Amino acid sequence: MIINNYFRLIIPSHSRNEGFARAAVAAFAAQLDPTVEEINDIKAAVSEAVTNCIVHAYPDKIADIEIVGRIIEGDTFYIRIKDKGLGIADIKQAMLPLFSTCEEGERAGLGFAVMESFMDKLRVTSRVDKGTSIIMTKRVKSRYE
């Protein structure tokens, strides 16, 4: 695996930083010359992942969210969003559409479904009281192929 470029960003889990994270990741991914649809897919997936950290990992405190982005093999965008929060006890259940740990009606429970639909691959690992790591990849097709 050849990593052509990368970044690492650490932000506090303030809700106002979700938009910043989305914009920073989009600016980095732009070097792949994605279509508007591809960049919007990446932004939506990142928005959901960061929001999950803010709402679920750190519901009662502000703590760090780490975001690592990579360009791999010249055409694949890799993003890892990691927290050291509450963790997920049952990942399979948490990934079911409409499942939410929030009170009824407060959240739609579609975060993981959105991430999966917009990215090529999604991997979630978690340990209770240790945190969660979300890794997503998306191949950006060359417009010149």
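Residues numbered from 1 in each chain as written. Predicted model: local features only at pLDDT ≥ 70, side-chain atom pairs only at ≥ 80, totals over all residues. Heavy atoms only, no water.

Attention shifts here to the overall build of the protein chain. Within the protein chain, the regular secondary structure consists of four helices and five strands. The order of helices and strands in the protein chain, counted from the N terminus, is β-α-α-β-β-α-α-β-β. Considering only intrachain contacts with a sequence separation of at least 6, the fraction spanning at least 24 residues in the protein chain is 66%. Of the roughly 8,300 Å² of accessible surface on the protein chain, 50% is carried by carbon and sulfur atoms. (Helix = DSSP H or I, 4+ residues; strand = E, 2+ residues; numbered from the N terminus. Contact = heavy atoms within 4.5 Å. Areas by Shrake-Rupley, 256 points an atom, 1.4 Å probe, with all protein chains shown as cover.)

This part takes up a nonpolar patch on the surface. There is a patch of nonpolar side chains on the surface, built from Met 1, Ile 3 and Tyr 6 and spanning about 390 Å² of accessible area. Within the element layout of this structure, Tyr 6 appears in strand β1 (residues 3–12). (Patch = residues over 30% accessible without salt bridge, like charges linked within 9 Å, V, L, I, M, F, W, Y side chains within 5 Å. Salt bridge = Lys/Arg side-chain N within 4 Å of Asp/Glu carboxyl O.)

For the coordinates displayed, the defined rule picks out five salt bridges. When the shortest N-O distance is used, the salt bridge between Arg 22 and Glu 18 registers 2.4 Å. Taken together, the positions of Arg 22 and Glu 18, both in helix α1 (residues 17–29) and four residues apart, correspond to about one turn of that helix. Overall, Glu 18 belongs to the buried group, its relative accessible area being 15%. The network of salt bridges with common partners includes Arg 8, Glu 66 and Arg 80. (Buried < 20%, exposed > 50% of the residue type's maximum accessible area, 1.4 Å probe, protein only.)

The next thing to look at is the pairing of strand β5 (residues 131–139). Counting buried positions over the nine residues of β5 gives eight, a clear majority of the element. Pairing of strand β3 (residues 76–83) with β5 involves seven bridges; the strand directions are antiparallel. Across the sheet, the residue bridging to Arg 80 is Ile 135, located in β5. Of the pairings in the sheet, the one linking strand β4 (residues 121–127) to β5 comprises seven bridges and is antiparallel in character. Each residue of the ladder has a partner; that of Thr 125, found in β5, is Ser 133. Linking β4 to β5, which pair antiparallel, is a turn of three residues; within it Asp 129 sits at a positive phi near 65°. (Pairing = 2+ DSSP bridges.)

Where helix α2 (residues 36–57) contacts helix α4 (residues 111–118), the two axes come as close as 9 Å, and the packing angle between them is 155°. One way to sum up the angle between α2 and α4 is to call them roughly antiparallel. For the element pair α2 and α4, the recorded crossing hand is left-handed. From α2, Asp 41, Ala 44, Ala 45, Glu 48, Ala 49 and Asn 52 reach across to α4, where they touch Gly 111, Phe 112, Val 114, Met 115 and Phe 118. Classifying every residue of the contact of α2 with α4 gives seven nonpolar, two polar and two charged. (Axes fitted to C-alpha atoms, helices over the stretch in contact; angles between N-to-C directions. Parallel < 35°, antiparallel > 145°, perpendicular 65-115°, else oblique. Left-handed = near helix turned anticlockwise from the far one by under 90°. Nonpolar A, V, L, I, M, F, W, Y, C, P; charged D, E, K, R; others polar.)

Here the focus is α1. The periodicity of an α-helix, 3.6 residues per turn, causes residues three or four places apart in sequence to face the same way. Here α1 spans 18 Å end to end across 13 residues, near enough to the 18 Å set by a 1.5 Å rise per residue. Restricting attention to buried positions, one finds in α1 the residues Asn 17, Glu 18, Ala 21, Val 25, Ala 26, Phe 28 and Ala 29. On the buried face of α1, the contacting elements are β1, α2, β2 (64–72) and β3. (Expected span 1.5 Å × (residues − 1).)

Purely geometric stuff here, so don't read any function into it on its own.
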